[in-house]
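What follows is each chain in one-letter form.
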Amino acid sequence: MWDKLLQLKKNVPVVHYLFMFTLLLNLFLLPFALMPSWVGAWLLVVVKFSNMLNSFNILVSLALLIWFWQRHKKTLYLIYFTAFIIPAVGLIINSLANLGYLPQTLFTRYFYQTATIVHVLVMSYGLALRLNQFQQDKVKAEQQAAAMAERASEQRRFVAMLSHEFRTPLAVIDRSAQMLQLKLADVPESEQKRLLQIQQHTAALFNLVDNFLITETLDNGRLPVAKRAVNICDFLTQLMEELGAQAQRVNVAVQEAPGHWNFDEHLIGMAVGNIVLNALKYSPAGSPVSLAVNLVNEDLLFTISDQGPGLSAEELALLGTPYFRADAALSKKGTGLGYYFSLRIVAAHGGVLRARSLPEQGFEVSIRLP
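A. Expanded view of the overall build of the protein chain. When its secondary structure is counted, the protein chain shows 11 helices and seven strands. In terms of overall dimensions, the protein chain is more spread out than a globule: its C-alpha atoms have a radius of gyration of 36 Å, far above the 21 Å expected for 370 residues. Its C-alpha atoms give the protein chain principal-axis dimensions of about 120 × 45 × 40 Å. Taking all 370 residues of the protein chain together, the buried fraction comes to 34%. Split by element, the accessible area of the protein chain, about 23000 Å² in all, is 63% carbon and sulfur. Averaging the coordinates of the 31 positive side-chain charges in the protein chain and doing the same for the 27 negative ones gives two points 15 Å apart.

Below is the structure:
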């Protein structure tokens, strides 16, 4: 009982194992108490040892209750201590009366029985207080969890609103850059590069906003996944066109894949595109990135692999956490959201996204669609 009440396995493991040993020893001796004919000389030694151990455990329990009270300042431990002392005092008075050190009166004769009843009452009161504390802690934890969930929901709504408001000025910036390119044909090459950079960064922000808004709606179940029969070759061609000049580093291989597959072309395009862009970003400049598509056990499998530094086991465990970035990625621009977006999109299709570091060097991500 004290082992559970004081959570000794967690707080004082040595005493926990001592109590468990005592319990097993007493259970071993229980059959001999029912069958005295089995008792031998060797067993009497064990019984004496058990009695000494039980007495020692009582002292340890009393000391622990005082120590817990001093450490935590909880009245509950004093109630337990009082409940423990009452039967001990009753036993001492009863023993002293039986040995003749105290007179045999109504008080001394029935003190032990009375003390046992009081012990049960005090322990019941202590357990009732403990149960009430558990209930209060539960209510408090539920209130804190609800408050945290509400704050997180408010933050998501705010960021979603902010992301939505970004679209209009980004569109204006993009159109303005395009108009300048069209109207100012004799702009110096350096200025042309600046206009191109404006368009590229605007497109990157557009992609980030779209990713966030789509993931937010997926999390809230407000965005239906519009699956249709998609031509795999056309899908890959479109994906490479969106990558632009970077597509030259991507080696695409289609092996035993069907001509069409049912998925949301826009969403899966974003998911695969995010993973390919990450592979291009974090692998050495000029090194190839592989995009293989094939059929495995009636599932469609996209496999993206690069020759980058890969991730450690600790980093792999955190991959997919919003805003997490590995050590190798800290020198690169990024938000730590691309993999998370892809993970949510694939999950919305009932698929599985997995990542692993390759044995020598490199990183591999697989997207499996049912």
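This is not the end of the story, as more comes after the structure.
B. Examining the side chain of glutamate 364 more closely. Counting through the fold element by element, glutamate 364 comes out in strand 7 (residues 363-369). The class of glutamate 364 is buried, set by a relative accessible area of 19%. Excluding anything up to four places from it in sequence, glutamate 364 contacts Thr303, Ile304, Ser305, Arg354, Ala355, Arg356 and Leu358.

C. Examining the sheet that holds strand 5 (residues 299-306) more closely. One open sheet holds the five strands; their spatial order is 2-4-5-7-6, and the pairing between them is mixed. The sheet is open, and its two edges are formed by strand 2 (250-255) and strand 6 (352-357), each paired on a single side. Going from strand to strand, the sheet's axes swing by 15 degrees on average, the running direction of each strand aside. Across seven bridges, strand 4 (residues 289-296) lies against strand 5 in antiparallel orientation. Bridging across to strand 5, asparagine 294 finds its partner in leucine 301. Across the sheet, helix 11 (residues 338-348) lies against strand 6 and strand 7, angled at about 140 degrees from strand 6, the strand it touches most.

The rules behind the values
Residues numbered from 1 in each chain as written. Predicted model: local features only at pLDDT ≥ 70, side-chain atom pairs only at ≥ 80, totals over all residues. Heavy atoms only, no water. Helix = DSSP H or I, 4+ residues; strand = E, 2+ residues; numbered from the N terminus. Rg over C-alpha atoms; globule rule 2.2 N^0.38 Å. Buried < 20%, exposed > 50% of the residue type's maximum accessible area, 1.4 Å probe, protein only. Areas by Shrake-Rupley, 256 points an atom, 1.4 Å probe, with all protein chains shown as cover. Lys, Arg positive; Asp, Glu negative; His and termini not counted. Charge placed at Lys NZ, Arg CZ, Asp CG, Glu CD. Contact = heavy atoms within 4.5 Å. Pairing = 2+ DSSP bridges. Axes fitted to C-alpha atoms, helices over the stretch in contact; angles between N-to-C directions.

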